[in-house]
Every structure is written in C-alpha cells, then in structure tokens.
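Letter by letter, the chains look like this.
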Amino acid sequence: MKRVSVFGATGSIGQNTLDLIARNPEAYDVVALTGARNVAQLAADARKVNAQIAVTAEEALLPDLRAALEGSGIEAAAGSAALLEAADRPADWIMSAIVGAAGLAPGFRALRHGTTLALANKESLVTAGPLLLAEAKRHGATILPVDSEHSAVFQALVGEDIAAVERIIITASGGGLRDWPESALASATPEDAGAHPNWDMGHRITIDSASMFNKAMELIETKEFFGIAPEKIETVVHPQSLIHALVGYCDGALMAHLGPPDMRHAIGYALHYPDRAHLPVARLDLAQIATLEFHAPSDSRYPALRIAREVMAAGGAHGCVFNAAKEIALDGFLAGSVGFMDMSAVVAETLDAMSSRASLSNAPQTLEDVLNIDHMARETAQRIIEQRKAKAP
Ligand code: NDP
Ligand code: MG
C-alpha cells in the first residue's frame, strides 16, 4: 500500500486527488489530510478515506474539527506547527495543494524525509525554487509537477535530453475575461473574473487566470523546475485548453501534450509515476473538436507577463517578492480596494520599491530568508495600496 498525505485536501486540487484515492481504497494508506476553514469537509473526507490525522491550519477551529471527528479514532490537530508535524509523518507520496505561499513550509519540510512531493503549489517554486530543488536533492526526494502545463512538459520530456530542448511553450486559456474589450477590464469585478471558461479551479487561481498572473507564475515555475533559460520559454493563448504545453527540440520537432481540462490527469500521472494507470478523465474526440486556435498574448492586456520576464531576468529573490505582492494585490482586488488592472501596477511598484535591497540579488539560502523577504514584500505591497488609495481622486 502506498502511504499518502494530502495538504490542501479541502480545495479543488485536494478534492480531485481524494477522488482518485477513494476510487482505489485498497491501494492507499492515507496518513494526513489538511485544510483550513472547511473543517466539515476535512472531517468527512478523513472519515471516508480513514486518515490517521486531520489538520486544520486554523487554530480556532480545532474544537469544531474534534467534534466532527468524534468517535472516528482519527486524530485532530491545528495550526502551522501541526501542519509541519503532519509533513514529518512517514509517507511515500505527498500532495502539496495548499494555496499561496502558506504551502511552502509544509512541502519543504516533507522533502527532508526523502518523500515524493507532488507539487501543485506553484508558489513554492516561484518564491523558493532553487532552495526547494536543493533540499530535494540533499535528501533524495522527488518533486513531480502537478500544474497541468508542467506535467505536460514533464511528459513530453520523457526519454529526451534537456540539452536538445530549444523552446518550451505553455498554453494559456485567456481566462474568464478573454472576450472583454481591453478598455472594459479596469472595471472587472471579482465575480466577473472568477468564472473560468474551461477549468474548474479554486477562486484565487481562477482570478489569476483572467489577469494572466497565473501564466506569469507558470513562466517562472517553468524556469525553476526545468532549469531552462527564460528566453526559451514562451506562452500562447489557446482558448480550447486542450493542448497544455509543447516542447520544441533542436531538430524542429514540436511535441504537444493534449488532454481534457481535468486536473485528475496531471494529479493521476504524478500519483502513479513512473507508471501510467487508467484514469477517469474524458477521452478527446478530435473530429468533433475540429479546430484548435492559438494567438499571441497582448502585452498591454496582460502586464503580468512582462513583469514575470523582468523577474526571471533579475533572478535572486525577485520571485519571492513577485508572489507576495501578487497575493496582497489579489487580496485587495477581492476586498474591492484594488482594481483589476491595478493589481499588476501594485506588483510592479512593490518590485521597484524593494529592488535596491542587496538581499534581493541573491537567491535565498534558507527558508527563514524566504519567509523574511515574503513578509517584507507583503508589507511593502500593502503600503503601496494605501498610498495609491490616498492619491486616488
Ligand atoms: P483552493 O482554494 O481550492 O484550495 C486551497 C486549499 O488550501 C484548501 O484546502 C484550503 O483550505 C487550504 N488553505 C487555504 N489557506 C491556507 C493556509 N493559510 N494554510 C493552510 N491551508 C490553507 O485552491 P486550488 O486547489 O485551486 O489550488 C491549490 C494550489 O494548486 C494553488 O497553489 C494553485 O495555484 C495550484 N494549482 C491549482 C490548479 C487547479 O486546477 N485548481 C491547477 C494548477 C495549480 P479550506 O478550503 O479548508 O479553507
Ligand atoms: Mg496551470
């Protein structure tokens, strides 16, 4: 039996992961499930898959979790120390699907036990890619990509030499506002941006898809995970979301990965790696699909892509600042204090304000360094939002 833990079990990726696990209960011994606010779901799932322990990130919700697990024999715990302790529990495979930089520390901790970390939490690579990969190497741990584009690239690279790769193209759906005129984007609300045409995902990543901050994060994620030069990484808008990525080789061949927009494919690939197993995802009918479209993303419509290029060129700790500022700008957008197109301005201004710091030019050496820079960047972004508000007419 494979011992598995799911961090962020109550979220969109977590639920898809549990769906695959629950279809084949005799194959898995579930160690830990974690969540945050949705303790009812967490407890119900822990009972369903008979987990050893359920952990909520919210300390105040521990009594609720305990009550919901009463009589089950399943342990309950809460808080960030409990998340780390859950990551210390022996497991063969751990899904990292907490949203945001909060997912970094538990995933990082799990690596020291030489586990296989299925990484959906792209923020981990954007904020601390080199540190994370070095930690995995030090302990003989494996990191597998779960983001659909990166899983697609990973699959297109099997048996190939990375030195023969000329380009990596990750596709972008264009998100919920892709058909809006550019002039209308400034007035988009969280509700407008929170509906995705193809994928069913968590609320935050859905809005990041509309602003292309998600693709911007994925460009950086590609650079960090595959160790490829930024100028070899491209993105193209592909409204059907059926091709997830393409890898171009030095002989001109372009290997595309196609599949339905269902995260259970990428999750299942990581769960069964290096084998392939039957997965309950739809099969594509190409004759019925008939057309695949592509177009170049507009720079003025998606400033996040330009900022990501600058972050990749600057290297060091800029990815950490980028991610933290993006999280704060998104919080502001959700709270109504930052406009849709102003999110990129907040991120760019935060990077500008912090770029003179010497500590930013080198990649962080410890998790503590990362968390300090993350903290400073959040404060700076918050201050910039306040200043912009004070200046607004
Ligand atoms: P969701 O918002 O659906 O789920 C987030 C999960 O994290 C929930 O379990 C939530 O708990 C938990 N959580 C929230 N805040 C904290 C915190 N501070 N500490 C610990 N746990 C917390 O997100 P998604 O599933 O959409 O995304 C998860 C990750 O996967 C993200 O990094 C995202 O970018 C990435 N990803 C997602 C894809 C998708 O299709 N959804 C595709 C590719 C990557 P609760 O709900 O109980 O509050
Ligand atoms: Mg993706």
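An unreviewed UniProt entry annotates the protein chain as 1-deoxy-D-xylulose 5-phosphate reductoisomerase originating from Gymnodinialimonas ceratoperidinii. A UniProt comment under Sequence similarities (unreviewed entry) is attached to the protein chain, and it reads "Belongs to the DXR family." As stated in UniProt under Pathway (unreviewed entry), the record for the protein chain gives "Isoprenoid biosynthesis; isopentenyl diphosphate biosynthesis via DXP pathway; isopentenyl diphosphate from 1-deoxy-D-xylulose 5-phosphate: step 1/6."

This brings us to the UniProt feature "domain: DXP reductoisomerase C-terminal" (unreviewed entry) in the protein chain. Following the UniProt record, the feature "domain: DXP reductoisomerase C-terminal" (unreviewed entry) maps to residues 258-379 here. For residues 258-379, helix accounts for 57% and strand for 1%, while the C-alpha atoms at its two ends are 41 Å apart.

It is worth spelling out the coordination of the magnesium ion (ligand 2) at this point. Tetrahedral coordination by four donors places them ideally at 109.5 degrees to one another around the metal; octahedral coordination by six donors ideally gives 90 or 180 degrees. In the first shell of the magnesium ion (ligand 2), the protein supplies Asp147 (OD), Glu149 (OE) and Glu218 (OE), at 2.1 to 2.2 Å from the metal. For the magnesium ion (ligand 2), all donor residues lie on one chain, and their spacing in sequence is D-x1-E-x68-E. With Glu149 in helix α7 (residues 148-156) and Glu218 in helix α10 (residues 213-226), this residue pair connects regions lying 69 residues apart in the sequence. One exposure class covers both Glu149 and Glu218, and it is buried.

Right, let's get into the site of ligand 1. Inspection of the region around ligand 1 gives 24 residues, with Thr10, Ser12, Ile13, Arg37 and Glu123 positioned closest. Within the contact set of ligand 1, an oxygen atom lies 3.5 Å away from a backbone nitrogen or oxygen of Ala120. Expressed as a share of its isolated accessible area of 900 Å², the protein-covered part of ligand 1 is 86%. Elements that contribute at least two residues to the shell around ligand 1 include exactly α1 (12-22) and α6 (122-138). Considered class by class, the residues forming the shell around ligand 1 number 12 nonpolar, 8 polar and 4 charged.

Close approach of charged atoms lets side chains of opposite charge pair. If you walk through the whole model with that rule in mind, you get 22 salt bridges. Notably, a salt bridge pairs Arg89 with Glu75, separated by 2.9 Å at the nearest N-O pair. With Arg89 in the loop between α4 (80-88) and β5 (93-96) and Glu75 in strand β4 (residues 75-78), this residue pair connects regions lying 14 residues apart in the sequence. Taking the relative accessible area as the measure of exposure, Arg89 reaches 23% and is therefore partly exposed. Since its relative accessible area comes to 38%, Glu75 is described here as partly exposed. The salt bridge partner of Asp147 is Lys122, with a shortest N-O separation of 2.9 Å. Placement of the pair is Asp147 in the loop between β7 (142-145) and α7 and Lys122 in helix α6, with a sequence separation of 25 residues.

Further remarks concern the sheet that holds strand β6 (residues 116-119). The strand order across the open sheet built from 7 strands is β4-β3-β2-β1-β5-β6-β7, with neighbouring strands paired in parallel fashion. Both outer strands of the open sheet, β4 and β7, are each paired with one neighbouring strand and no more. Neighbouring strand axes in the sheet, compared pairwise and without regard to direction, differ in orientation by 20 degrees on average. For strand β1 (residues 2-7) and β5, the ladder comprises 4 bridges, and the chain directions are parallel. Of the residues in β5, the one forming a bridge with Val4 is Trp93.

Quick notes on the rules
- Residues numbered from 1 in each chain as written.
- Chains lettered and ligands numbered in written order.
- Predicted model: local features only at pLDDT ≥ 70, side-chain atom pairs only at ≥ 80, totals over all residues.
- Heavy atoms only, no water.
- UniProt positions renumbered as here; feature names shortened; annotations may be inferred.
- Helix = DSSP H or I, 4+ residues; strand = E, 2+ residues; numbered from the N terminus.
- Donors = N, O, S within 2.8 Å, 3.2 Å for Na, K, Ca; no water.
- Buried < 20%, exposed > 50% of the residue type's maximum accessible area, 1.4 Å probe, protein only.
- Near = heavy atom within 4 Å.
- Polar contact = N/O pair within 3.5 Å; in protein donor to acceptor, adjacent residues only side chain to side chain.
- Areas by Shrake-Rupley, 256 points an atom, 1.4 Å probe, with all protein chains shown as cover.
- Nonpolar A, V, L, I, M, F, W, Y, C, P; charged D, E, K, R; others polar.
- Salt bridge = Lys/Arg side-chain N within 4 Å of Asp/Glu carboxyl O.
- Pairing = 2+ DSSP bridges.
- Axes fitted to C-alpha atoms, helices over the stretch in contact; angles between N-to-C directions.

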